[in-house]
Amino acid sequence: MTHSISIIALDGPAASGKSTLGKKLAEQLNFLFFDTGIMYRAVTLIALESNLNLQDEAAVTQLAQNTQIEIRPPSKEDGRAFDILVGEKDITWEVRRADVDANVSVVSAYAGVRQALTEQQRRIGLRGQVVMVGRDIGTVVLPEADLKIYLDASAEQRAQRRYDELIARNQPADYAEILKKVIERDRIDSTRAVAPLRPAEDAVILDSDQLDREQVFEQALKLCQ
Ligand code: DC
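My aim in this report is to walk through the structure given alongside it, one point at a time. (Residues numbered from 1 in each chain as written. Predicted model: local features only at pLDDT ≥ 70, side-chain atom pairs only at ≥ 80, totals over all residues. Heavy atoms only, no water.)

1. Describing the sheet that holds strand β5 (residues 89-90)
Read across the open sheet, the three strands follow the order β3-β4-β5; overall the sheet is antiparallel. Of all the strands in the sheet, just β3 (69-72) and β5 have a single pairing partner and so form its edges. In this sheet, strand β4 (residues 83-86) lies alongside β3 in antiparallel orientation, the contact comprising four bridges. When the bridges of β4 are listed, glutamate 70 appears paired with leucine 85. (Pairing = 2+ DSSP bridges. Helix = DSSP H or I, 4+ residues; strand = E, 2+ residues; numbered from the N terminus.)

Set out below in structure tokens:
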């Protein structure tokens, strides 16, 4: 091989299975797994906890610029893939809260927020040996990625996945409500002015409606080789 793959961009809509695939690929290749959605979630969580008005773009942007988000190896065996810290506060599970889900699309549509977080992501990505997961990795964060994968799935199938996850964690879940939210998040993520969700022109599109988890992984691994 003359040029081995070092930077992998993995994009796609909410709950398409990107994290599962990204984690497995990174493990197999011994690369860093970096889920960029967590950064948008962390800013949203801190904004909610500080009672910031989420409609105030300047205030939320300033918060994103001043918030140091740390991703560290897991300190507990409670199903986490890594620790997420802001200062000394462990927010690993809090970033998955329903109020974060409901507000993160608004926060991630702000240009200033995206700029602040994109810079941090790019710095980490350019070190190489990384599987970076998000919405705009192949198009904006790391357009020079060696391999770009866009993992797609229907809204129904993604809502089912979120529903199953909640049930597995003994949390209340309403399929119709989840589906509505998935569709609304897709709409906001793909119509925003800055870095909307879309496949890069040179991305390989994998459709997880047609393939099960193992097949998606096998196809992605083949692309890496
Ligand atoms: O993948 P996720 O559900 O954790 O993403 C949370 C939100 O962050 C989602 O609304 C889209 C946004 N996001 C983004 O705009 N760009 C990224 N690179 C990653 C996530």
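2. Thoughts on the layout of surface pockets
If you add up the space inside the second largest pocket, you get close to 480 Å³. Lining the second largest pocket are 20 residues, with Leu32, Phe33, Phe34, Ile71 and Arg72 positioned closest to its centre. Element by element, the count of residues in the lining of the second largest pocket is highest for β3, at four residues. (1 Å grid on protein atoms, 1.4 Å probe; cavity = no way out; pocket = protein on both sides within 12 Å on 5 of 7 lines; lining within 4 Å. Points joined across faces, edges and corners; volume = space filled by probe spheres on them.)

3. Observations regarding the pattern of salt bridges
Applying the stated criterion across every chain, the model contains 20 salt bridges. Across the pair arginine 96 and aspartate 35 runs a salt bridge, and its minimum N-O distance is 3.9 Å. One end of the pair, arginine 96, is in the loop between β5 and α4 (98-108); the other, aspartate 35, is in strand β2 (residues 32-35), with 61 residues separating them in the sequence. Among the residues examined, arginine 96 registers a relative accessible area of 31% and is labelled partly exposed. The salt bridge partner of aspartate 189 is arginine 135, with a shortest N-O separation of 3.6 Å. Of the two residues, aspartate 189 is situated in helix α8 (residues 175-191) and arginine 135 in the loop between β6 (130-134) and α6 (137-141); the sequence distance between them amounts to 54 residues. (Salt bridge = Lys/Arg side-chain N within 4 Å of Asp/Glu carboxyl O. Buried < 20%, exposed > 50% of the residue type's maximum accessible area, 1.4 Å probe, protein only.)

4. A few points about the environment of tyrosine 40
Tracing the backbone through its elements, the reader meets tyrosine 40 in helix α2 (residues 37-49). Residue contacts for tyrosine 40: discarding those within four places in its chain leaves Val104, Val107, Ser108, Val113, Arg114, Leu117, Thr118 and Gln121. (Contact = heavy atoms within 4.5 Å.)

5. Some remarks on the environment of cysteine 224
Of note, cysteine 224 is situated in helix α9 (residues 213-224). On the accessibility criterion, cysteine 224 (7% relative accessible area) is buried. In sequence terms cysteine 224 and leucine 25 are 199 residues apart; their C-alpha atoms lie 9.0 Å from each other.

6. A word on the sheet that holds β6
Pairing is parallel in the open sheet, where five strands are placed in the order β2-β6-β1-β7-β8. At either end of the open sheet lies a strand with only one pairing partner, and these are β2 and β8 (204-207). Across the sheet, the mean angle from the axis of one strand to that of its neighbour is 20°, orientation sign disregarded. Across four bridges, strand β7 (residues 147-152) lies against β8 in parallel orientation. By the bridge assignment for β8, isoleucine 149 is matched with valine 204. Packing against the sheet, helix α1 (residues 18-29) makes contact with β1 (7-11), β2, β6 and β7, and its axis sits at approximately 175° to β6. (Axes fitted to C-alpha atoms, helices over the stretch in contact; angles between N-to-C directions.)

7. Focus: the packing of aromatic side chains
One pass over the structure, following the stated rule, counts one aromatic pair. Here phenylalanine 33 and phenylalanine 82 contribute two aromatic rings whose centre-to-centre distance is 5.9 Å and whose plane-to-plane angle is 25°, an arrangement assigned as stacked. Of this pair, phenylalanine 33 sits in strand β2 while phenylalanine 82 sits in the loop between β3 and β4, and the two are 49 residues apart along the sequence. Positioned above the aromatic ring of phenylalanine 217, the side-chain terminus of lysine 24 is 4.6 Å from the ring centre. (Phe/Tyr/Trp six-rings, centres within 6.5 Å; stacked < 30°, edge-to-face > 60°. Lys NZ or Arg CZ within 6 Å of the ring centre and 35° of its normal.)

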